[in-house]
Amino acid sequence: MQTYHIITFGCQMNRSDSERAAAVFERLGYRLADSAERADIVAVNACSVRQTAINRIWGFLKKFENERNEKKMTTILTGCVLPEDRKRLSKNFDFVFNIKNLNELEMFLSGRNLYISKNYFDILPKYDNYFQSNVPIMSGCDNYCSYCAVPYVRGGESSRKIKEILAEINESAKNGCKEITLLGQNVNSFSPEDAESFSEQNPFNHAFAKLLWEVNQTVGIERILFVAAHPKDMNDEVIAAMALPKMANYLHLALQSGDNEILNAMNRKYTVEDYENIILKLGKIKPNIAIGTDIIVGFPGETREQFENTLKFYEKIKFDIAFLAMYSPRRGTVAAKLKDDVSRDEKKRRWHELQDLMEKITLKKNQKYLGTEVSVLIDKAEKDFAEGNSREMKRVRIYNSNCKKGDIVNVKIKEALTWILIV
Ligand code: SF4
């Protein structure tokens, strides 16, 4: 039996796409190999959003140069790839296809297109586990943040039909799924064409808030998350929907900078005041909600003072976690035409400064959980301990437990470290 392995770069959306590609391999009788070394076919689901991911693809090609030359390994390229990266990478892969055309993957693998429909959302993914499902609700982006390549590689926003989304969620719930993560480049601008498919008793008006309400009604689903949300679309209805009982006690909302001039240069379409307002409103309905964010340091023209505004704003909001990136230009974007004038060393300094602040605040915030009870969905069960995320997306380790993967347990926190809470 032939084996396959998928290497996924980038965001959760790409991971979800890989689950759909895996379903195609499995449908055709391929067996999953746990590493590229052991696979007959390796598919790379790429991401051009950061140069580091592209560099890693070149690293993969170099590592398996002999296998490729001797035709011992077939290689496939798909995912978000900027045209110039695609042009250079394509020559080194046996097959390149657009992830939305999974029927082409079937054609390449079997020489026929018997099973896989043209609509890739029709393919039920091969989820990594049965108790957590990533469900794409839209793809593409119309926002054109000046540093971001996504609108160029994914195209404009297009939303999935409500019927289709709810059918996928119901199917997952029937199979024992407890946690749903709704995915999209800009989930809260969800705008489906079949608005009539919402229930009559749905109390909301805004499509994304309405969708959250529908998912909240699904029997068996216990936790709902979403990523990525844009602050400009975080309106009062979406904020109100965050209070639905099954919503996780966590919001990931990209800030990118704590300085209004930089936000404007980034074309983010909100100010720090708008962002703070969202957090204040949210705090009124969910006082203990954990907030995660993304921040870019060293955007072109970012002065020391502007960076310090980010530090001050970070202190003010007291984020639970932040994913920090040093700015690097992506060809074809508006920001790539600006002078990348913050030196690499200065970007590193700013990154470390913000990282240190984050770790200090994260530890302090985690200490507030000491002696309190949290609900954990177990996703790792070892001999001596089990681990999972709480509703606040805090990693929790439970020693001496009999927990199995997929269990939801309430536990009291005994120790709080920066990256983990211990029971
Ligand atoms: S909202 Fe901005 S950062 Fe996010 S995908 Fe769209 S363009 Fe990129």
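Residues numbered from 1 in each chain as written. Predicted model: local features only at pLDDT ≥ 70, side-chain atom pairs only at ≥ 80, totals over all residues.

Visitor: I tried to follow the overall build of the chain on my own but got confused; where do I start?
Guide: The helix and strand tally for the chain stands at 13 helices and 19 strands. Taking 22 Å as the expected radius of gyration for a compact globule of 423 residues, we find that the chain reaches 22 Å, a close match to that expectation. On the principal axes, the C-alpha backbone points of the chain span a range of 60 × 55 × 50 Å. When each of the 423 residues of the chain is scored for burial, the buried share is 40%. Across the chain, the fraction of contacts at a sequence separation of at least 24, relative to all contacts at a separation of at least 6, is 73%. (Helix = DSSP H or I, 4+ residues; strand = E, 2+ residues; numbered from the N terminus. Rg over C-alpha atoms; globule rule 2.2 N^0.38 Å. Buried ≥ 20, exposed ≤ 12 C-beta atoms within 10 Å, placed from the backbone. Contact = placed C-beta atoms within 7 Å.)

Visitor: Looking at this model, I keep getting lost on the sheet that holds strand 11 (residues 250-252). Mind explaining?
Guide: Hydrogen bonds between backbone atoms are what pair the strands of a sheet, whose relative direction is either parallel or antiparallel. Spatial strand order, 11-12-13: three strands in an open sheet with parallel pairing. The open sheet is flanked by strand 11 and strand 13 (321-326), the only strands paired with a single partner. Along the sheet, successive strands turn relative to each other by an average axial angle of 15°, direction set aside. As judged from the six bridges shared by strand 12 (residues 290-297) and strand 13, these two strands associate in the parallel manner. Within the sheet, the bridge partner assigned to Val-297 lies in strand 13 and is Met-326. (Pairing = 2+ DSSP bridges. Axes fitted to C-alpha atoms, helices over the stretch in contact; angles between N-to-C directions.)

Visitor: Any chance you could explain unusual backbone geometry here in plain terms?
Guide: If a residue is not glycine, its phi is most likely negative; likewise, a peptide bond is most likely trans. The omega torsion of the bond from Val-227 to Ala-228 falls at 0°, within 30 degrees of zero and hence cis. Non-glycine residue Gln-256 carries a positive phi angle of around 75°. Given 23 C-beta atoms within a 10 Å radius, Gln-256 is considered buried. Unusually for a residue other than glycine, Asn-400 sits at a positive phi of about 50°. For Asn-400, a count of 8 C-beta atoms within 10 Å gives the class exposed.

Visitor: How do you make sense of the domain arrangement of the chain when you look at a structure like this?
Guide: The parts lose accessible area when they come together, and the size of an interface is often stated as this lost area. Domain assignment breaks the chain into domain 1 (3-120), domain 2 (127-216 + 231-245), domain 3 (249-367) and domain 4 (373-422). For domain 1 and domain 4, the distance between their C-alpha centres works out to 34 Å. (Domains from an automatic or database assignment.)

Visitor: In this structure, what is going on with the nonpolar core? I would like to understand it.
Guide: Across soluble globular proteins, nonpolar side chains show a tendency to be buried alongside one another. Judged by nonpolar contacts, the single largest core of 107 residues is most densely connected at Ala-46 and Ile-137. Look past the residues within four positions of Ala-46 in its chain and what remains in contact with it is Phe-9, Ala-53, Ile-57, Leu-77, Gly-79, Cys-80 and Val-81. (Core = buried A, V, L, I, M, F, W, Y, C linked by C-beta atoms within 7 Å.)

Visitor: Before we go on, may I ask you to explain the site of the ligand in this structure?
Guide: With respect to spatial proximity, the complete set of residues near the ligand consists of Cys-141, Asn-143, Tyr-144, Cys-145, Cys-148, Val-150, Pro-151, Gln-185, Asn-186 and His-230. Taken together, the residues of the shell around the ligand sort by class into six nonpolar, four polar and no charged. (Near = placed C-beta within 6 Å. Nonpolar A, V, L, I, M, F, W, Y, C, P; charged D, E, K, R; others polar.)

Visitor: When you look at the packing of helix 12 (residues 304-317) against helix 13 (residues 344-367) in this model, what are you seeing that I'm missing?
Guide: Running from amino to carboxyl end, helix 12 crosses helix 13 at an angle of 10°, the nearest separation of the two axes being 10 Å. Overall, the two elements helix 12 and helix 13 adopt an arrangement that is roughly parallel. Between helix 12 and helix 13, the residues in contact are Phe-307, Thr-310, Leu-311 and Tyr-314 and Arg-350, Glu-353, Leu-354 and Leu-357, respectively. Partitioning the contact of helix 12 with helix 13 into residue classes produces five nonpolar, one polar and two charged. (Parallel < 35°, antiparallel > 145°, perpendicular 65-115°, else oblique.)

Visitor: For this particular structure, what's the right way to read the packing of helix 1 (residues 12-27) against helix 5 (residues 102-110)?
Guide: Each packed pair of helices is defined by two parameters, the angle between the axes and the distance between the axes. Relative orientation of the contacting elements helix 1 and helix 5 amounts to 35°, with a least axis distance of 10 Å. In terms of crossing hand, the pair formed by helix 1 and helix 5 is right-handed. Residue-level inspection shows Arg-20, Ala-21 and Val-24 of helix 1 in contact with helix 5, the latter providing Leu-102, Leu-105 and Glu-106. Within the contact of helix 1 with helix 5, the residues separate by chemical class into four nonpolar, no polar and two charged. (Left-handed = near helix turned anticlockwise from the far one by under 90°.)

Visitor: Just checking my understanding: could you explain helix 8 (residues 207-216) for this structure?
Guide: Because each turn of an α-helix spans 3.6 residues, side chains separated by three or four positions in sequence point in the same direction. Counted residue by residue, helix 8 has seven buried out of 10 residues, so it is predominantly covered. Residues of helix 8 that are buried include every one of Ala-207, Phe-208, Ala-209, Lys-210, Leu-211, Leu-212 and Val-215, and no others. Next to the buried residues of helix 8 lie helix 7 (162-174), strand 9 (179-183), strand 10 (223-227) and helix 9 (236-241).

Visitor: Help me out: how do you make sense of the sheet that holds strand 3 (residues 41-47) in this one?
Guide: Taken in spatial order, the five strands line up as 2-1-3-4-5 in an open sheet, and their pairing is parallel. Across the chains shown, the open sheet's two edge strands, defined by having one partner strand only, are strand 2 (31-32) and strand 5 (95-96). With two bridges joining them, strand 1 (residues 3-8) and strand 2 adopt parallel strand pairing. Across the sheet, the residue bridging to Thr-3 is Arg-31, located in strand 2. Contacts from helix 1 reach strand 1, strand 3 and strand 4 (74-80), with the element oriented near 170° to strand 1.

Visitor: I would appreciate a short explanation of the pairing of strand 1 in the present structure.
Guide: The two faces of the sheet receive side chains in turn, since in a regular strand these alternate between them. Viewed along the sheet, the connection from strand 1 through helix 1 into strand 2 turns out right-handed. Inspection of the sheet shows strand 1 paired to strand 3 by five bridges, in the parallel sense. Bridged to Ile-7 within strand 3 is Val-44. (Right-handed = clockwise from strand over helix to strand, strands pointing away.)

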